[in-house]
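# Summary of structural features
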Amino acid sequence: MTIQVYSKPGCGKCEAAKDKLRRMGFEYSEHNLEYHIEHHDGWREDGSAEAMAAHTLLDTLPIFKVEDDFLDYPGAMRELKRMRKNTQN
């Protein structure tokens, strides 16, 4: 399973979400969206998932990409708990 966490430095909810993922036993990769806004001059034309998410969702972090689905924090936790329960059965 592929889990990506889109976050920014100093985001308390982001740190709590990553801690919860670790406690649940999930591995994830992290993407700092603040970087994409501040260091990517052509981000508006880029169209990449990172640039678009950074532009539209920077104030609603963390955002998760679980497999191919983008989810907010509560939605991601519900989905990951469901997936973990299904693999345990």
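Residues numbered from 1 in each chain as written. Predicted model: local features only at pLDDT ≥ 70, side-chain atom pairs only at ≥ 80, totals over all residues. Heavy atoms only, no water.

### Some thoughts on the nonpolar core
A general tendency of soluble globular proteins is for nonpolar side chains to be buried together. Among the nonpolar cores identified, the biggest contains 12 residues, and these are Ile-3, Val-5, Ala-17, Leu-21, Met-24, Phe-26, Phe-64, Val-66, Ala-76, Met-77, Leu-80 and Met-83. For this core, the secondary structure elements donating two or more residues are strand E1 (3-7), helix H1 (12-24), strand E3 (63-66) and helix H5 (73-88). No other element matches H5, which puts four residues into this core. When residues no more than four places from it in sequence are discounted, the contact partners of Met-77 are Lys-20, Leu-21, Met-24 and Phe-64. Grouped together as the second largest cluster of nonpolar side chains are six residues, Cys-11, Cys-14, Leu-61 and Ile-63 included. (Core = buried A, V, L, I, M, F, W, Y, C linked by side-chain atoms within 4.5 Å. Buried < 20%, exposed > 50% of the residue type's maximum accessible area, 1.4 Å probe, protein only. Helix = DSSP H or I, 4+ residues; strand = E, 2+ residues; numbered from the N terminus. Contact = heavy atoms within 4.5 Å.)

### Overview of the pattern of salt bridges
In the structure shown here, the tally under the stated rule is four salt bridges. The shortest N-O distance in the salt bridge between Lys-18 and Glu-15 comes to 2.8 Å. In this pair, Lys-18 and Glu-15 are both assigned in helix H1, three residues apart and thus about one turn of the helix distant. Assessed through its relative accessible area of 4%, Lys-18 is described here as buried. Of the charged contacts, one joins Arg-23 and Asp-19 as a salt bridge, the two residues approaching to 3.0 Å between their closest N and O atoms. Residue Arg-23 and its partner Asp-19 are both found in helix H1; the two are separated by four residues, about one turn of the helix. Residue classification places Arg-23 among the exposed residues on the basis of a relative accessible area of 60%. You can call Asp-19 partly exposed: its relative accessible area is 31%. Look at the salt bridges and you will find they share partners, linking Glu-15, Lys-18 and Glu-30 into a network. (Salt bridge = Lys/Arg side-chain N within 4 Å of Asp/Glu carboxyl O.)

### Looking at the confidence of the model for the chain
On average, the chain scores 82 in pLDDT, and the residues at 70 or more come to 71%. Within the chain, the lowest mean pLDDT, 61, falls on helix H3 (residues 43-46), and the highest, 94, falls on H1. (pLDDT = per-residue confidence, 0-100.)

### Concerning the pairing of strand E2 (residues 29-32)
Pairing geometry for E1 and E2, over four bridges, is parallel. The residue of E2 that forms the bridge with Gln-4 is Ser-29. In this fold, the crossover linking E1 to E2 by way of H1 has right-handed handedness. (Pairing = 2+ DSSP bridges. Right-handed = clockwise from strand over helix to strand, strands pointing away.)

### Brief notes about the sheet that holds E2
Taken together, the four strands give an open sheet; going across it, the order is E2-E1-E3-E4, and neighbouring strands pair in mixed fashion. Of all the strands in the sheet, just E2 and strand E4 (69-72) have a single pairing partner and so form its edges. Pairwise comparison of adjacent strand axes, ignoring direction, gives a mean angle of 25° for this sheet. Sheet strands touched by H1: E1, E2 and E3. Its angle to E1, the strand with the most contacts, is close to 160°. Here H5 sits on the sheet and contacts E1, E3 and E4; the angle it forms with E4, its principal contact strand, is near 115°. (Axes fitted to C-alpha atoms, helices over the stretch in contact; angles between N-to-C directions.)

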